[in-house]
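Structure at a glance
Here is how the chains run, residue by residue.
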Amino acid sequence: MSNMLNLTLKVWRQDGPDTAGQFQTYKTTVADDASFLEMLDYVNEELIEADEIPISFDHDCREGICGSCGVMIDGRAHGPQKGTATCQLHMRQFSDGDTIEIEPWRAAGFPIIKDLVVNRAAFDRIIESGGYISVTTGAAEEANAIPIPKHAADAAMDAAACIGCGACVAACPNSAANLFTAAKMQQLNMLPQGQAERYTRSNDMVERMEQFFGSCTNYGECQEACPKEITIDFIAMMNRDYVKSQLVNRRRLGEKKVG
Amino acid sequence: MTQATERPGAEAPKVKGHHNPSDAKAKPWPVEFMSTAVGKKWIMAISGIALMGFVFAHMFGNLKIYLGPTDYNDYAHSLRTLLHPIFPNGFLLWLMRLGLIAMFLIHIGSAISLTRMNQTSRPVKYQSQRRYLAADFAARTMRWTGWIVFFYLIYHLADLTWGWANPDFVYGDAYGNVVASFERWYIALFYIVANLLLGIHLYHGGWSIFQSLGVNSPRYNGIRRGFAVTFAVIVTIANVSFPLAVQFGIVS
Ligand code: HEM
Ligand code: FES
């Protein structure tokens, strides 16, 4: 049997990017086996019934793989449970009578679109600047053609777990996107396929990131918030690759004409 | 993640006051390197290590106060005459001073620039109570402890190098000057507080340097925090002991 929880929600409501927002208080009763987003769904049902505008929030897969969801819950990105996205959070993490504060990610690089929805296009710009490898088209290569040490493959996989939700930026006191950028960079820099563009990638992704986000003070908040538990070890690797990119012969990077 | 781009009006934002890489020709190496925050953090870490070296050597040299006035004044004097027959008196001392000033300038310059950048990166603060899980007191107060240590250093120079702030300053009698200064309880207290703050700065800084420089390997990640704690504790205990020793009459 599930228990019913009586909750007071304080939800950030904001009509659009340029309007002022404020917390709105809602009371609701949900079963403790509901997910956090289901709880918001119930509240929205009630709002629609009462002819009010439902709360906008981002979501898609609801199983922690797409990176769409993500809100500040009681001052913590993705809420009180470690290593999970908002959609994987269950109401059993809360107690009867709790007041829950729900707020969108806040960062200059993530402007609010509406209510709890923020614009994360800046992440796309970072990926475009170097989060890819160039491959020849055609039939897929035989998977074992390139030998890759198991540990390197595992480490690259740990970085590749990033779902791009933006919790690292949201949690960082400086709104830095170093964990996201490092993960998207190192998943490629650690593999043979990533070597050709390694240093242009390292340089370009760091520069693009800094157009939108703050700098890293090594607080470690990001790795606590990350639903995929990606570690700041990757940030150290990014810092190394960035300085190396500055030292690599510029002719090799195409910044100086040959001859 | 990509869904945001499809929404009307959802272009990537323009963030004021942030570094804007141009696609034009790259700047000369050190200039380009120092124009990004990741580069500045390297510079902060390198200058931080140099300053840590100075802080340690300074602390170690001053331990001679426990050997008495002769040893201590000899040590102070020897700093002026280091490498003497080869170079003129004071040469190496001034070389070290210039190096230190340069390190302070680039450390503080980067600190100011990074602080500005971070102040613009979240124009609207969280409206609910933020709950920090990892960012400890030391990490969050780096700019406060840094600046207080800086102003303390200026006072320290005025007190024991230039002598303006010292009641009985005698040029050349380093031992006597230290005792004269620390005999005032409020000055002793001020030195103790400032050095505790330096210890807090080093507690985060001594760990942070590894990350900033990309020194990260499972083989020795375990000792990075230990290094920072050990360094901060040794330096702080020794530095705090000097005013205490004068106050309790162990050094007089
Ligand atoms: C004896 C003096 C000092 C020593 C030994 C020292 C040492 C360090 C070290 C080792 C770091 C870590 C660098 C890194 O994260 O890579 C650091 C960071 C920092 N220092 Fe200092 N420092 C000193 C004085 C100052 C002063 C005078 C300021 C004045 C503004 C300052 C401000 C900062 C700030 C703001 C940071 C953090 C930067 C960031 O991560 O955003 N420090 N310091
Ligand atoms: S909705 Fe896909 S990760 Fe939460």
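Residues numbered from 1 in each chain as written. Chains lettered and ligands numbered in written order. Predicted model: local features only at pLDDT ≥ 70, side-chain atom pairs only at ≥ 80, totals over all residues. Heavy atoms only, no water.

When its secondary structure is counted, chain B shows ten helices and zero strands. Along chain B, helices (α) and strands (β) appear in the sequence α-α-α-α-α-α-α-α-α-α when read from the amino end. Rg of the C-alpha trace for chain B: 23 Å, well past the compact-globule value of 18 Å for 252 residues, more than 25% over. Summarising its shape, the C-alpha atoms of chain B cover approximately 75 × 45 × 40 Å along the three principal directions. Counting every position in chain B, which comprises 252 residues, the buried fraction comes to 45%. Put simply, 66% of the contacts in chain B that link residues at least 6 apart link residues at least 24 apart. Within the structure as shown, chain B displays about 13,900 Å² of accessible surface, and the carbon and sulfur contribution to it stands at 70%. Here chain B contributes 21 positive and 11 negative side-chain charges, whose respective centroids are spaced 13 Å apart. (Helix = DSSP H or I, 4+ residues; strand = E, 2+ residues; numbered from the N terminus. Rg over C-alpha atoms; globule rule 2.2 N^0.38 Å. Buried < 20%, exposed > 50% of the residue type's maximum accessible area, 1.4 Å probe, protein only. Contact = heavy atoms within 4.5 Å. Areas by Shrake-Rupley, 256 points an atom, 1.4 Å probe, with all protein chains shown as cover. Lys, Arg positive; Asp, Glu negative; His and termini not counted. Charge placed at Lys NZ, Arg CZ, Asp CG, Glu CD.)

Listed per partner, the contact involves 68 residues of chain A and 59 residues of chain B. The contact between chain A and chain B buries some 5,300 Å² in all, and 52% of this surface belongs to carbon and sulfur atoms. The largest contributions to the chain A side of the interface with chain B come from Glu210, Asn218 and Tyr219 of chain A, which together make up 12% of the buried area. At the boundary of chain A and chain B, one finds zero salt bridges. Here chain A and chain B share 32 residue pairs in polar contact (both at pLDDT 80 or more) between them. No other element matches helix α8 (residues 233-247) of chain A, which puts nine residues into the side of chain A that touches chain B. (Buried area = accessible area lost by both parts, 1.4 Å probe. Salt bridge = Lys/Arg side-chain N within 4 Å of Asp/Glu carboxyl O. Polar contact = N/O pair within 3.5 Å; in protein donor to acceptor, adjacent residues only side chain to side chain.)

Surveying the vicinity of ligand 1 reveals 25 residues, the closest of which are Lys41, His107, His201, Ser208 and Ser212 of chain B. The environment around ligand 1 is built from residues contributed by chains A and B. Note that a nitrogen atom of ligand 1 is positioned 2.8 Å from one of the side-chain N or O atoms of His107 of chain B. Side-chain polar atom of His201 of chain B to a nitrogen atom of ligand 1: 2.8 Å apart, as the coordinates give it. Secondary structure elements with two or more residues in the shell around ligand 1: α3 (37-62), α5 (91-120), α7 (142-160) and α9 (185-212) of chain B. Sort the elements by how many residues they give to the shell around ligand 1 and α3 of chain B lands first, with seven residues. (Near = heavy atom within 4 Å.)

The next thing to look at is the coordination of the iron atom of ligand 1. Residues and elements named next belong to chain B. Protein coordination at the iron atom of ligand 1 comes from His107 (NE2) and His201 (NE2), with a distance range of 2.1 Å. Of note is the iron atom of ligand 1, whose six donor atoms meet at the metal with angles of 87 to 180° in an arrangement that counts as octahedral. Of this pair, His107 sits in helix α5 while His201 is found in helix α9, placing the two residues 94 residues apart along the sequence. Accessibility assignment for this pair places His107 and His201 in one class, buried. (Donors = N, O, S within 2.8 Å, 3.2 Å for Na, K, Ca; no water. Tetrahedral: all angles 85-135°; square planar, octahedral: opposite > 155°, others 65-115°.)

Turning to the packing of aromatic side chains, a few remarks are in order. Here the structure, examined in full by the defined rule, presents 26 aromatic pairs over all chains. Relative to Phe123 of chain A, the ring of Phe110 of chain A has its centre 5.1 Å away and its plane inclined at 70°; by these criteria the two rings are edge-to-face. Placement of Phe110 of chain A in the loop between β5 (99-103) and β6 (112-114) and of Phe123 of chain A in helix α2 (residues 121-130) is noted, with a sequence separation of 13 residues between them. Pairing Phe227 of chain B with Phe231 of chain B gives two aromatic rings, centres 6.0 Å apart and planes at 35°, and the pair type is tilted. Note that Phe227 of chain B and Phe231 of chain B are positioned in helix α10 (residues 224-247) at a spacing of four residues, about one turn of the helix. The class for Phe227 of chain B is partly exposed, based on a relative accessible area of 35%. An aromatic cluster is defined as three or more aromatic residues linked by ring pairs; in this entry it consists of Phe110, Phe123, Phe180, Phe212 and Phe213 of chain A. (Phe/Tyr/Trp six-rings, centres within 6.5 Å; stacked < 30°, edge-to-face > 60°.)

Here we come to unusual backbone geometry. All names here are of chain A. The phi angle at Arg62 is positive, at roughly 60°, despite the residue not being glycine. Residue position: Arg62 is located in the loop between α1 (36-49) and β3 (72-73). Phi is positive for His78, close to 65°, though the residue is something other than glycine. Tracing the backbone shows His78 in the loop between β4 (76-77) and β5. Among the residues examined, His78 registers a relative accessible area of 0% and is labelled buried.

Let us now look at the pattern of salt bridges. All names here are of chain A. This model, assessed by the stated rule, comprises twelve salt bridges over all chains. For Lys150, the salt bridge is made with Asp154, and the minimal N-O distance between the two is 2.9 Å. Highlighted residues: Lys150 and Asp154, both in helix α3 (residues 150-160), separated by four residues, approximately one helical turn. A salt bridge links Glu197 to Arg201; the nearest nitrogen and oxygen atoms lie 3.7 Å apart. Grouping residues by exposure puts Glu197 and Arg201 together as buried.

Bringing the confidence of the model for chain B into the picture now. Residues and elements named next belong to chain B. Chain-level statistics for chain B give a pLDDT mean of 89 and a share of 92% at 70 or above. The low-confidence segment residues 1-6 (pLDDT under 50) makes 18 contacts with residues lying over four places distant or belonging to another chain. We note a pTM of 0.92 for the whole complex and an ipTM of 0.89 for its interfaces. (pLDDT = per-residue confidence, 0-100.)

Let us now look at the packing of α2 of chain A against helix α5 (residues 178-189) of chain A. Residue and element names in this part refer to chain A. In the contact formed by α2 and α5, the axes pass within 11 Å of each other and the chain directions differ by 25°. Taken together, the axis directions place α2 and α5 in an arrangement best described as roughly parallel. The handedness of the crossing between α2 and α5 comes out as right-handed. Residue-level inspection shows Phe123, Ile126, Ile127 and Gly130 of α2 in contact with α5, the latter providing Phe180, Thr181, Lys184 and Leu188. Along the lines of polarity and charge, the residues of the contact of α2 with α5 split into five nonpolar, two polar and one charged. (Axes fitted to C-alpha atoms, helices over the stretch in contact; angles between N-to-C directions. Parallel < 35°, antiparallel > 145°, perpendicular 65-115°, else oblique. Left-handed = near helix turned anticlockwise from the far one by under 90°. Nonpolar A, V, L, I, M, F, W, Y, C, P; charged D, E, K, R; others polar.)

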